[in-house]
Amino acid sequence: MFEDASMSPRRIAPGALFLALGVHVAASLWANFVLFRSRTLLGIARGTGGLIDGTLVANALLLALVVGVCLVGIGGARLRELGFRPRTLGRGLLAILAAWVGVVLLARGLAALSGAAAAPAMRRVNPGMLLGQVFGNVPYEEILFRGVLPAQLALSLPKRGDRPRWGLGLLVSQVVFALIHVPNRLAFDAWTSISAAVSDLGALFVIGLILSFVALRTRNLFIAMGIHLFLNTAELLIPAPGWSIYAAIVVAAIGFLAWGPISGEPREPE
């Protein structure tokens, strides 16, 4: 599966990849400990009616510096090295829309079967939060940690025979994905104990693995972006009680894993 789903990337120069990760760490520390606490962001948010918030600004900066400058400009990455296949956008968006409808129906059905109180039919959507996820956090994290890192680590790690180490690359990349959230959690005092930190990092690792398998199995990074968006904005976009939403999202992810390629291209023999 991994060889077929690798999207045939070229190896990005290790120097450019390490530079990208270093810039990410530096920019993440600055954003979490300086930018998010500055009055500048509050002024921007007020001036735009809440449309541009810290999440959008920070991740737009990361997209420009890490993806644009380090990976594309210096590393020479093409769309395939960023995790994209040709002609996947349309099918990906249709799949995401269908999945959203399915998640809503399933979540509300689970809530009804359990006798839980129904959530309001519509919630007031925070436009700034939604835009920050759609155009900032979700595409950035999916490009770097699902599109780029698993394949590049697999190509860089010692091979098993003549085959890249896709499984090991996948595991290591999602450990990195979990750990890059540490500055954010520390900056906002999100952990009250060591067990809370371990539990949170473990959940991030598992979520990263699920999203990676969705991207690999469907050969469509946009679908992984859609599942990621559902997770980050679940209670804004899905009118149902919280626990039923996440159960439905897991079912949707499993459905994509069972479905297989949604790329608009013929499946290659494995």
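Please refer to the structure placed before this passage.
Parameters and conventions
Residue indices follow the written sequence of each chain, beginning from 1 at its first position. Reporting in this predicted model follows two pLDDT cut-offs: at least 70 for local features of residues, and 80 or more for side-chain atom pairs to be given and counted; totals over whole chains, interfaces and linings ignore these cut-offs and use all residues. The side-chain numbers reported here are obtained from all heavy atoms of the structure, hydrogens and water having been left aside. Salt bridges are defined as contacts in which a side-chain nitrogen from Lys or Arg sits within 4 Å of a carboxyl oxygen from Asp or Glu. Helix and strand definitions here come from DSSP, where helices need a minimum of 4 consecutive H or I residues and strands a minimum of 2 consecutive E residues; each element is numbered from the N-terminal end. Each residue's exposure class comes from its accessible area (1.4 Å probe, protein chains only) as a fraction of the maximum for that residue type: buried when under 20%, exposed when over 50%, partly exposed otherwise. Two aromatic rings from Phe, Tyr or Trp, using only the six-membered ring of Trp, form a pair when their centres are within 6.5 Å; if the ring planes differ by under 30 degrees the pair is stacked, by over 60 it is edge-to-face, and anything between is tilted. Charges are assigned to positions over rings by a cutoff of 6 Å between ring centre and Lys NZ or Arg CZ, combined with an angular limit of 35 degrees from the ring normal.

### Thoughts on the pattern of salt bridges
Here is step 1 of the chain: Evaluation of the coordinates by the stated rule reveals four salt bridges.
Here is step 2 of the chain: Taking the shortest distance from any N to any O, the salt bridge between Glu81 and Arg10 comes out at 3.7 Å. Highlighted residues: Glu81 in the loop between α4 (54–74) and α5 (89–114) and Arg10 in the loop between α1 (2–5) and α2 (14–33), separated in sequence by 71 residues.
Here is step 3 of the chain: Judged by its relative accessible area of 2%, Glu81 is buried.
Here is step 4 of the chain: The class for Arg10 is partly exposed, based on a relative accessible area of 42%.
Here is step 5 of the chain: Taken together, the shared-partner salt bridges in this structure form one network comprising Arg10, Arg78 and Glu81.

### Focus: the packing of aromatic side chains
Each aromatic ring pair is summarised here by two numbers: the centre-to-centre distance and the angle between the ring planes.
Here is step 1 of the chain: Taken as a whole and judged by the stated rule, the model has three aromatic pairs.
Here is step 2 of the chain: With centroids separated by 6.0 Å and ring planes inclined at 65 degrees, the aromatic side chains of Phe36 and Phe188 adopt a geometry described as edge-to-face. Residue Phe36 is found in the loop between α2 and α3 (39–47), and its partner Phe188 is found in the loop between α8 (182–187) and α9 (194–218); the two are separated by 152 residues along the sequence.
Here is step 3 of the chain: Arranged with centres 5.2 Å apart and planes meeting at 40 degrees, the rings of Phe84 and Phe222 form a pair that is tilted. Taken as a pair, Phe84 in the loop between α4 and α5 and Phe222 in helix α10 (residues 221–232) lie far apart in primary sequence, 138 residues in all. Considered together, Phe84 and Phe222 belong to a single accessibility category, that of buried residues.
Here is step 4 of the chain: Positioned above the aromatic ring of Phe177, the side-chain terminus of Arg146 is 4.2 Å from the ring centre.

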